[in-house]
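Examining the three-dimensional arrangement
Chain by chain, the residues run as shown.
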Amino acid sequence: MHTAATAIPIARAEGLYLYAADGTRYMDAISSWWVNLHGHAHPHIASAISAQAQVLDQIAFANFTHAPAMELSSRLLGVLPKNLSKIFYSDNGSTAVEIALKIALQYWSNRKIPRTKILSLKNGHHGETFGAMSAAGKTEFNRPFWNHLFPVESIDPPLTDLSLVQLQAALERGDVACFIFEPLIQGAGGMVMYPPQRLDRLIQLCKEYEVLTIADEVMTGFGRTGTLFACDQLQHKPDFLCLSKGLTGGYLSLGATLCTEDVFQAFLSDSLEQAFLHGHSYTANPLACASALASLDLLLDPSCTAQRELIAECHSDFCNAYRHHPRVKRLTSLGTILALEYHAPTSSYFHSLRPVLSRYFLSNGIFIRPLGNVLYILPPYCINREELRTIYDHIALTLEGDFLC
Ligand SMILES: Cc1ncc(COP(=O)(O)O)c(C=O)c1O
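Summarised in this report is the structure supplied together with it. (Residues numbered from 1 in each chain as written. Predicted model: local features only at pLDDT ≥ 70, side-chain atom pairs only at ≥ 80, totals over all residues. Heavy atoms only, no water.)

1. Section: the overall build of the chain
Counting secondary structure elements, the chain contains 12 helices and 16 strands. When its C-alpha atoms are laid out on the principal axes, the chain stretches across 70 × 55 × 45 Å. The buried share of the chain, reckoned over its 405 residues, is 52%. In the chain, once contacts between residues fewer than 6 apart in sequence are set aside, the share between residues at least 24 apart is 71%. About 17,900 Å² of surface is accessible on the chain, with carbon and sulfur atoms providing 56% of the total. Computing the positive centroid from 30 side-chain charges and the negative centroid from 37, the chain places the two 4 Å apart. (Helix = DSSP H or I, 4+ residues; strand = E, 2+ residues; numbered from the N terminus. Buried < 20%, exposed > 50% of the residue type's maximum accessible area, 1.4 Å probe, protein only. Contact = heavy atoms within 4.5 Å. Areas by Shrake-Rupley, 256 points an atom, 1.4 Å probe, with all protein chains shown as cover. Lys, Arg positive; Asp, Glu negative; His and termini not counted. Charge placed at Lys NZ, Arg CZ, Asp CG, Glu CD.)

Here it is in structure tokens:
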């Protein structure tokens, strides 16, 4: 609290905008931490949650099931890669990842095959719980917990061929259980984008060595990267896919971990010990499922596809105009995500530009949260061309004069 700016009380939100108690309005240029897809207080989602609340609020998702979860499962399976056929619900992105890691480890344990190592990409982020933190490896974010993280081997992100060489060396040992990655873009690590072809080679190699692959689509899911899911841009599909954030359109907390029939079969047994003994109180909360169904209605509407295309096109035009600016180290976009890395001797989340940029944009009515000297825009799909232009104009101003000096 010593270093944080005073929190602004927000009274209401509508569409792209957050309205403070004093009447000031802010554009939500990062979709409230990447969760909001269609704008705030959308009537279709709000009424779906309200209707559900009057019928069935929350039940234990053990012994029982319910229509919103069943319908959501069938609709998700209809839009996700076809090799995924089972869903395990939880309640946030970190738990969706924990569950994938635990299922992957137990898969080998159930089959009595000694594969216990987890592989990941350096610079990754998979959440705040211990398994998710461990998967990311030792970073500046989790330094106080280094002694408590379990060992995970991390290879370079697939920006060069080095990652393939490192992966091959790790797989040769024969003890790797699974490989987890953020497909196409490492979000919290600085919005670092890499080509699908390189990831495809890594997944293909894992398949050759029968190592399970886990795509963490907690950030990339539901249209952020130009396709419905980042994995849609891959030839080789992962064995697990983790979802949360945009799953409910950003209204309620829900996590989902998808896996293949082969993984599911490794848990089918007459012995309870073979089962996956894991559950959260709010697993598959009916209100969250109703929200997710309403959000899917909106996401799959052609008008939403057109909006995502518009955002992608505007981002790409802005990148083309400013990519070679002397103060720009990296300016790239992937679908609806735009990232700008300012030149700095060392790039870091702790860079002094972070509070400077935050303050500047907030005082101009735009809510962003730079990752150190990396500024990114990840807006709700309801944003229009003029609103995007306003954001770009402010970004352009930060590149001029003595703003950064
Ligand atoms: C790729 C990725 N995985 C997992 C998480 C954790 O999600 P949650 O904050 O819902 O626990 C995040 C959060 O930013 C993320 O970006």
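2. A closer look at the site of the ligand
By nearness alone, every residue bordering the ligand is listed as Trp34, Asn92, Gly93, Ser94, His125, His126, Gly127, Glu182, Asp216, Val218 and Lys245. Take Gly93: an N or O atom from its main chain is 2.9 Å from an oxygen atom of the ligand. Taking 390 Å² as the accessible area of the ligand by itself, protein coverage stands at 84%. Taken together, the residues of the shell around the ligand break down into two nonpolar, six polar and three charged. (Near = heavy atom within 4 Å. Polar contact = N/O pair within 3.5 Å; in protein donor to acceptor, adjacent residues only side chain to side chain. Nonpolar A, V, L, I, M, F, W, Y, C, P; charged D, E, K, R; others polar.)

3. A few points about the nonpolar core
Leu72, Leu76, Phe179, Met191, Phe222, Leu243 and Ile395 are the most contacted members of the largest nonpolar core, which has 89 residues in total. Leave out the neighbours within four places in its chain, and Leu243 touches Leu76, Leu80, Ala96, Glu217, Val218, Gly221, Phe222, Phe229, Leu254, Gly255, Ala256 and Leu258. Core analysis: the second largest hydrophobic core is formed by 26 residues, Tyr107, Ile214, Cys242 and Phe276 among them. (Core = buried A, V, L, I, M, F, W, Y, C linked by side-chain atoms within 4.5 Å.)

4. Here we look at unusual backbone geometry
At Lys112, a residue that is not glycine, the phi angle is positive and equals roughly 55°. Relative to the elements of secondary structure, Lys112 occurs in the loop between helix 4 (93–110) and strand 5 (117–121). Since its relative accessible area comes to 69%, Lys112 is described here as exposed. One non-glycine residue, Lys245, lies in the positive phi region at around 35°. Tracing the sequence through the fold places Lys245 in the loop between strand 11 (240–243) and strand 12 (255–260).

5. Let's talk about the layout of surface pockets
Within this model, the second largest pocket holds a volume of roughly 610 Å³. Along the wall of the second largest pocket there are 24 residues; nearest its centre are Ile87, Phe88, Tyr89, Phe264 and Phe276. Contributing elements (two or more residues each) for the lining of the second largest pocket: helix 3 (67–79), strand 4 (84–90), strand 12 and helix 8 (261–265). Looking at the lining of the second largest pocket element by element, the count peaks at five residues for strand 4. (1 Å grid on protein atoms, 1.4 Å probe; cavity = no way out; pocket = protein on both sides within 12 Å on 5 of 7 lines; lining within 4 Å. Points joined across faces, edges and corners; volume = space filled by probe spheres on them.)

6. Here we look at the sheet that holds strand 16 (residues 374–377)
Spatially, the three strands line up as an open sheet ordered 13-14-16, and their pairing is antiparallel. The open sheet is flanked by strand 13 (328–334) and strand 16, the only strands paired with a single partner. Pairs of neighbouring strands in the sheet enclose a mean axial angle of 10°, with direction left out of account. Packing of helix 10 (residues 302–322) onto the sheet brings it into contact with strand 13, strand 14 (337–342) and strand 16, and relative to strand 13 it is tilted by some 160°. Contacting strand 14 and strand 16, helix 12 (residues 385–398) crosses the sheet at an angle of about 10° to strand 14. (Pairing = 2+ DSSP bridges. Axes fitted to C-alpha atoms, helices over the stretch in contact; angles between N-to-C directions.)

7. Focus: helix 2 (residues 43–53)
Within the span of helix 2, buried status applies to Ile45, Ile49 and Gln52. Considered in projection along helix 2, the buried side chains sweep an arc of 65° and stay on one side of the axis. Along its buried surface, helix 2 packs onto helix 3 and helix 9 (286–299). (Arc of directions from axis to C-beta.)

8. Focus: empty space enclosed by the protein
This model, assessed by the stated rule, comprises one cavity of 30 Å³ or more. In terms of lining, the largest cavity is formed by Trp34, Leu37, Glu217, Val218, Met219, Gly221, Phe222, Arg224, Ser244, Lys245 and Gly246. For the lining of the largest cavity, the class distribution of residues is five nonpolar, three polar and three charged.

9. Some points on the side chain of Asn110
Note on placement: Asn110 falls in helix 4. What makes Asn110 buried here is its relative accessible area of 10%. A distance of 3.0 Å separates the side chain of Asn110 from the backbone oxygen of Ala266, its partner in a polar contact. Those residues in contact with Asn110, other than ones at most four positions away along the chain, are Ala266, Phe267, Glu273 and Gln274.

10. As for the sheet that holds strand 1 (residues 10–14)
In space, the four strands of this open sheet follow the order 1-2-3-15, with mixed pairing throughout. Among the strands making up the open sheet, the edge pair consists of strand 1 and strand 15 (366–367). Bridge analysis of strand 2 (residues 17–20) against strand 3 (residues 25–28) gives three bridges, and the strand direction is antiparallel. Bridging from a neighbouring strand, Tyr19 pairs with Arg25 of strand 3.

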